[in-house]
Amino acid sequence: MSKKVELAVQGRDAIGATRELLEMPEMKATWVRDPEAEREAGQATNLTIAGITGLNLLAVAERIVEWYQKADGENRIQSVEIRDTEGNRYNLEEVSAEEVKAMLENL
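(A) Summary view of a negative patch on the surface. Taken together, the side chains of Glu-62, Glu-66, Glu-98 and Glu-99 make up a negatively charged region of the molecular surface. Contributing elements (two or more residues each) for the negative patch: helix H3 (57–73) and helix H4 (97–105). Tracing the backbone through its elements, the reader meets Glu-99 in helix H4.

(B) Focus on the layout of surface pockets. The volume enclosed by the largest pocket comes to roughly 150 Å³. What lines the largest pocket is simply Glu-20, Leu-21, Glu-23, Met-24, Arg-63, Glu-66, Trp-67 and Lys-70. Counting only elements with at least two residues in the lining of the largest pocket, the list comes to helix H1 (14–21) and H3. When residues in the lining of the largest pocket are grouped by element, the largest group, four residues, is from H3.

(C) Focus on the sheet that holds strand S4 (residues 79–83). Sheet architecture is open: five strands sit in the order S2-S3-S1-S4-S5, paired in antiparallel fashion. Each edge of the sheet is formed by a strand with only one pairing partner; in this case those strands are strand S2 (27–33) and strand S5 (89–91). Neighbouring strand axes in the sheet, compared pairwise and without regard to direction, differ in orientation by 20° on average. For strand S1 (residues 5–11) and strand S3 (residues 43–52), the ladder comprises seven bridges, and the chain directions are antiparallel. Its bridge partner lying in S3, Gly-11 is registered against Gln-43. Running at roughly 175° to S3, H3 makes contact with S1, S2, S3, S4 and S5 of the sheet.

(D) Up close: the environment of Glu-81. Structurally, Glu-81 can be placed in strand S4. The spatial distance from the C-alpha of Glu-81 to the C-alpha of Gly-16 is 17 Å, given a sequence separation of 65 residues. Residues in contact with Glu-81, not counting those within four places in the same chain, are Glu-6, Leu-7, Ala-8, Arg-89 and Tyr-90.

Quick notes on the rules
- Residues numbered from 1 in each chain as written.
- Predicted model: local features only at pLDDT ≥ 70, side-chain atom pairs only at ≥ 80, totals over all residues.
- Heavy atoms only, no water.
- Patch = residues over 30% accessible without salt bridge, like charges linked within 9 Å, V, L, I, M, F, W, Y side chains within 5 Å.
- Areas by Shrake-Rupley, 256 points an atom, 1.4 Å probe, with all protein chains shown as cover.
- Salt bridge = Lys/Arg side-chain N within 4 Å of Asp/Glu carboxyl O.
- Lys, Arg positive; Asp, Glu negative; His and termini not counted.
- Charge placed at Lys NZ, Arg CZ, Asp CG, Glu CD.
- Helix = DSSP H or I, 4+ residues; strand = E, 2+ residues; numbered from the N terminus.
- 1 Å grid on protein atoms, 1.4 Å probe; cavity = no way out; pocket = protein on both sides within 12 Å on 5 of 7 lines; lining within 4 Å.
- Points joined across faces, edges and corners; volume = space filled by probe spheres on them.
- Pairing = 2+ DSSP bridges.
- Axes fitted to C-alpha atoms, helices over the stretch in contact; angles between N-to-C directions.
- Contact = heavy atoms within 4.5 Å.

Limitation: the analysis is restricted to geometry and does not speak to function.
What follows is the structure, given as structure tokens:
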């Protein structure tokens, strides 16, 4: 079984916000729409991060947290749930960049 970190993004512009996050060249990730969750949230995506290139995981983690704060502040998304490689789930609003870095280190 391959290790991965997943983000479940929900909100009125979840697709656009997900595409913005994937503009990070260091991130090796794929995403799909989540039709079941879209019934409740407007738009919903599931993003799977399979790897990070480069050595500065903290910088990548900080960019993920900044991306969330910006998209949330613009009311484009209503929630982002992050699942670590062990399957534990966290609300990205409550996770620090250091915690995201620790999740990415396990990829």
